[in-house]
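If you want the building blocks of each chain, they are given just below.
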Amino acid sequence: MNSNIKRPRILITGATGQIGGKTIDHLLKNKEIQIIAAVRSAEKAKAFNEKGIETVIFDFDIESTHATALEGIDRVLIVTGYTVDMLRQSKSFIDNAKKENVKHIVHLGACGRDDTTVAHWAWHQLVERYIEWSGFSFTHLRPETYMQNLLSYGGTKVINNGIITQYVKGARKSWVSVDDVALVASISLSEPEIHSGKTYRMGYDAKSYYEIAELMTTIIEKPFHYIPQSPEVFLKAMIDSGAEMAYMSCVSNHFKRYADGTIPGADDVFDNFHQITGKQAATWESFIKEYRSNFEY
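Now for a look at the structure at hand. (Residues numbered from 1 in each chain as written. Predicted model: local features only at pLDDT ≥ 70, side-chain atom pairs only at ≥ 80, totals over all residues. Heavy atoms only, no water.)

A separate point is the state of the cysteines. All chains considered together, the criterion is met by zero disulfides. Looking at Cys 111, it has no disulfide partner, and the nearest cysteine sulfur is the one in Cys 250, 13 Å off. Given the relative accessible area of 7%, Cys 111 is considered buried. (Disulfide = S-S within 2.5 Å. Buried < 20%, exposed > 50% of the residue type's maximum accessible area, 1.4 Å probe, protein only.)

Written as structure tokens, this is what we have:
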């Protein structure tokens, strides 16, 4: 590559999280871009700096950090936290990105068809519309339920000694691996000219927890059972843990809707992954085999 050609600068928010971190891992293979990891403190910057990754101090809630973080940035991955504040945070950040002449935004959203009435999914779609209204080139990512949620959720183990406890009765849900979402994010950031204007719904294997337990029993050769619980159990656990309840109340409500079968397209699956990446998406069979050690007991 000609050293005189300016490499696009890509800012990764949520860099210390699963999606942001794995997106950076993929982007490191691309020598034609520059990665900037947004972190909240110098302490969190150390791990990135040791790998030769540039960092910048940034906090969605501290608007004075936005302009500095966005200066000279061409493309951004937006990964907000799981609170209703995502609406205010995203608007402010998008406004500042516009002032700093950012060209392309990849937004990590949530599940759902365009007409969703699940509250926290709708919040993400409002952010999508604001990105579009602001005139950016964009790629919207809408992952279905993360397979990794079966490892832990809200800081709590989901499987204990072969017993899966969840809150959606026998509902079949659409699933995607975090690793696959990060790969699509990295490609969308690397090739905006190809992925601009696209909304990628990502769910590649539809299964109920009963079916997952059965598959785990076969693969791991130990018994696994799903014991459904009331969403009220989840809600109490979140209250006790000090979680942000505007968001977690929405999660509890959508568990009820899954259980009642009132979320249209809850088990929608898509065939876009190979077209985007040239690879096959993770299935529950491949995921269980890859993370087998996490499920053993």
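Here the narrative resumes.
For the rest of this paragraph, the subject is the side chain of Arg 9. Along the chain, Arg 9 turns up in strand S1 (residues 9-12). Exposure remark for Arg 9: the relative accessible area of 17% places this residue in the buried category. Only 3.0 Å separates the side chain of Arg 9 from the side chain of Glu 54, close enough to count as a polar contact. In this structure Arg 9 touches Gln 34, Ile 36, Glu 54, Glu 71, Gly 72, Ile 73, Asp 74 and Arg 75, once residues within four positions along its chain are discounted. (Helix = DSSP H or I, 4+ residues; strand = E, 2+ residues; numbered from the N terminus. Polar contact = N/O pair within 3.5 Å; in protein donor to acceptor, adjacent residues only side chain to side chain. Contact = heavy atoms within 4.5 Å.)

Glancing now at the packing of aromatic side chains. Tallied over the entire structure, the rule returns 20 aromatic pairs. Each ring, one from Tyr 209 and one from Tyr 226, has its centre 5.1 Å from the other, and the planes form 40 degrees; the classification is tilted. With Tyr 209 in helix H8 (residues 209-220) and Tyr 226 in strand S15 (residues 225-228), this pair connects stretches of sequence that are 17 residues apart. There is no split in this pair, since Tyr 209 and Tyr 226 are both buried. (Phe/Tyr/Trp six-rings, centres within 6.5 Å; stacked < 30°, edge-to-face > 60°.)

With that settled, consider the sheet that holds strand S2 (residues 34-39). The strand order across the open sheet built from seven strands is S3-S2-S1-S4-S5-S6-S13, with neighbouring strands paired in parallel fashion. With partners counted over all chains shown, the strands left at the sheet margins are strand S3 (54-57) and strand S13 (198-202), one partner each. Direction aside, neighbouring strands of the sheet carry axes that sit 20 degrees apart on average. Here S1 pairs with S2 via four bridges, running parallel. Note on S2: the bridge partner recorded for Leu 11 is Ile 36. The strands that helix H5 (residues 119-133) touches are strand S5 (104-108) and strand S6 (137-143); relative to S6, the one it contacts most, it runs at about 170 degrees. (Pairing = 2+ DSSP bridges. Axes fitted to C-alpha atoms, helices over the stretch in contact; angles between N-to-C directions.)

Attention shifts here to the sheet that holds S15. Backbone hydrogen bonds are what pair the strands of a sheet, in a parallel or an antiparallel way. In space, the three strands of this open sheet follow the order S10-S11-S15, with mixed pairing throughout. Taken across any chain shown, the strands that pair with only one partner, and hence form the sheet edges, are strand S10 (159-160) and S15. Relative to S15, strand S11 (residues 163-166) is paired through four bridges, and the arrangement is parallel. Along S15, the bridge assignment pairs Ile 164 with Tyr 226. Here H8 sits on the sheet and contacts S10, S11 and S15; the angle it forms with S15, its principal contact strand, is near 160 degrees.

Here the focus is the pairing of strand S12 (residues 173-176). On S12, burial covers both faces: Lys 173 and Trp 175 on one face and Ser 174 and Val 176 on the other are all buried. Here strand S7 (residues 145-146) pairs with S12 via two bridges, running parallel. Residue Thr 145 lies in a different strand from S12, and its bridge partner there is Trp 175. Relative to strand S14 (residues 205-207), S12 runs antiparallel, the two being bridged by three bridges.

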